[in-house]
Amino acid sequence: MRKFFPVDSLARDSRFNQITMKQSQADPRSALIATEEKRPKTNRLQPSRADASDAARSLMHGIFVGEIQALEGAGRTCHDFETGTEAPFALKLDMARQAWDEARHVEISVKLSEWMGTEIGQYAENTVLFEAACSTDPVLRLAGVNRALEGLAIDVFTTMKEFGDIAGDPFLEFCEDWMLADEVTHVKMGSDWLRRITENDPERRKKALEFQSVVDKIFSFGGTRSDSQESPIGLARRFRELAGFSDDEVEDIADVSLRALEERKAFARQAQAEAVEQFSAS
Amino acid sequence: MTVSVTPANFSFVDFDAELIRRIGDGLLEVLGIDRPVHVEVDETTPLGRVRTEIGDTITVRVESGAFEDSRKPRQQSDEATTANLGRALLRARDRISGGFGEAPADDELSLRQIAAWETYCVGRLARMGVPVNQQRWKYNFRNRHGFTDVADAAFERIWASDGLTWGELETVSLEGAGTPS
């Protein structure tokens, strides 16, 4: 079986349409830079938002495809590295267990999507999550996937759980709570293995943490996740603490997320100006 | 009666003004609306809000997300254009044709009232053959009326109805929310 599978070869049927982060970011439209009149008071995903149902459906589909890619990433880590020389057996066992969890999450997400009136593949699939799982160093995968990606999952599930709770949706609140518990475990696995494997290799640890920081910024999705009310998804500080993040690490992620939000707004302003210029010229 | 569309050409999204116009013309015929309609698309935002002003001309202001193919960002969807323009025009027709005189202005409607009216519109569109996902609208209705059997029964009644007045719609909606008038 092939090792180190490329992101453009993931198995998907015709219902799915995949887009890269670059394509997604190239959209000159942005709700973030709308005028006061047009901009919602808050972008945070809450039932009080007029578009709450559709926004929740869209996010749920994002969770669904994210779970598929997380399953593929954890499964790949079991296969891509030689046991013993490249990755300890116990690490691969943890990744196998995670793959089992992710497969269950995919099934739960499909059921929740049906419940919310969404079809499989109804929204474009951003493949950025799997891209972070393509590193050739298992420690970098743990940092990028288990700590950054699964850390984002903690924030997303917390937001969705609260949404279900406030809306009175018993299934959404219950399912998100269960998946959230698994994600905390996955992040903790990543934190523990990162420390163990790099215990006597500070340079490798530094490199892994830098990679995590880069992935955290990418996973901030141009400001989709941050402490700001302009971001649909908040930062779940308490659950991150339970998952083994230090206070300093949480603060770093908060800073990175806010910077990503500001950079996205600046990028969108520039893209809109360029689009207007092109339109005027034509 | 005819439909006009602005802008004629799009730069932020790959939309076709002529396609919007044709879909609008078809809807006017099916819905029996005898006033000109102007569709104004705001292509600078990906949000999907739709607002309607009724005068001698019905003006529908649409954010580009309402006509977009969610599978293919920035591309137009025939289905989304039909369903969302159809909803806006049905609401306008309700207000014009009577029975909805006591309905609050659009920006004064509560989220519950909007959900009830949307359900009423989409149910009628479905019976006209416009492809819609009923579960999507049930989920929206539940978010605004509660996740209860009473709310589901109210949804089914509204979805299957034709010729409701605002008062009748509001009564069923309030019953669904567990707060009968």
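Criteria and thresholds
Residues numbered from 1 in each chain as written. Chains lettered and ligands numbered in written order. Predicted model: local features only at pLDDT ≥ 70, side-chain atom pairs only at ≥ 80, totals over all residues. Heavy atoms only, no water. Helix = DSSP H or I, 4+ residues; strand = E, 2+ residues; numbered from the N terminus. Contact = heavy atoms within 4.5 Å. Pairing = 2+ DSSP bridges. Axes fitted to C-alpha atoms, helices over the stretch in contact; angles between N-to-C directions. Buried area = accessible area lost by both parts, 1.4 Å probe. Salt bridge = Lys/Arg side-chain N within 4 Å of Asp/Glu carboxyl O. Phe/Tyr/Trp six-rings, centres within 6.5 Å; stacked < 30°, edge-to-face > 60°. Lys NZ or Arg CZ within 6 Å of the ring centre and 35° of its normal.

Participant: Please set out the environment of Gly-121 of chain A residue by residue, giving values where relevant.
Facilitator: Tracing the chain through its elements places Gly-121 of chain A in the loop between helix 3 (89-116) and strand 2 (125-126). Leave out the neighbours within four places in its chain, and Gly-121 of chain A touches Arg-15 and His-61 of chain A together with Arg-71 of chain B.

Participant: How would you explain the sheet that holds strand 2 (residues 37-42) of chain B if you had to name every residue and give the values?
Facilitator: All names here are of chain B. The mixed open sheet is built from four strands, whose spatial order is 1-2-4-3. This sheet does not close on itself; its edge strands, each paired only once, are strand 1 (3-6) and strand 3 (50-54). Each neighbouring strand pair of the sheet contributes to a mean axis angle of 15°, computed without reference to strand direction. Inspection of the sheet shows strand 3 paired to strand 4 (residues 58-63) by five bridges, in the antiparallel sense. Its bridge partner lying in strand 4, Val-50 is registered against Val-62. Strand contacts of helix 1 (residues 17-31): strand 1 and strand 2, with the helix running at about 150° to strand 1, the strand carrying the most contacts.

Participant: Can you explain the interface of chain A and chain B? Please cite residues and give values.
Facilitator: Between chain A and chain B, the residue contacts involve 41 residues of the former and 29 residues of the latter. Here chain A and chain B share an interface that buries about 2800 Å² over both sides, 52% of which is from carbon and sulfur atoms. For the pair chain A and chain B, the number of links is four salt bridges. For Arg-74 of chain B, the salt bridge is made with Asp-27 of chain A, and the minimal N-O distance between the two is 4.0 Å.

Participant: Give a detailed account of the packing of aromatic side chains, specifying residues and quantitative values.
Facilitator: Within the structure shown, the criterion is met by 13 aromatic pairs over all chains. An angle of 80° between the planes, with centres 4.7 Å apart, marks the rings of Trp-115 of chain A and Phe-171 of chain A as edge-to-face. Highlighted residues: Trp-115 of chain A in helix 3 and Phe-171 of chain A in helix 6 (residues 170-197), separated in sequence by 56 residues. Arranged with centres 5.5 Å apart and planes meeting at 40°, the rings of Phe-174 of chain A and Trp-178 of chain A form a pair that is tilted. Here Trp-178 of chain A and Phe-174 of chain A lie together in helix 6, a separation of four residues that amounts to about one turn. Clustering of aromatic rings is evident, with ring pairs tying together Trp-115 and Phe-171 of chain A together with Tyr-139 and Phe-147 of chain B. It is Arg-240 of chain A that lies over the ring of Phe-245 of chain A; its NZ or CZ is 4.9 Å from the centre. The cationic tip of Arg-91 of chain B hangs over the ring face of Trp-117 of chain B; the distance from NZ or CZ to the ring centre is 5.0 Å.

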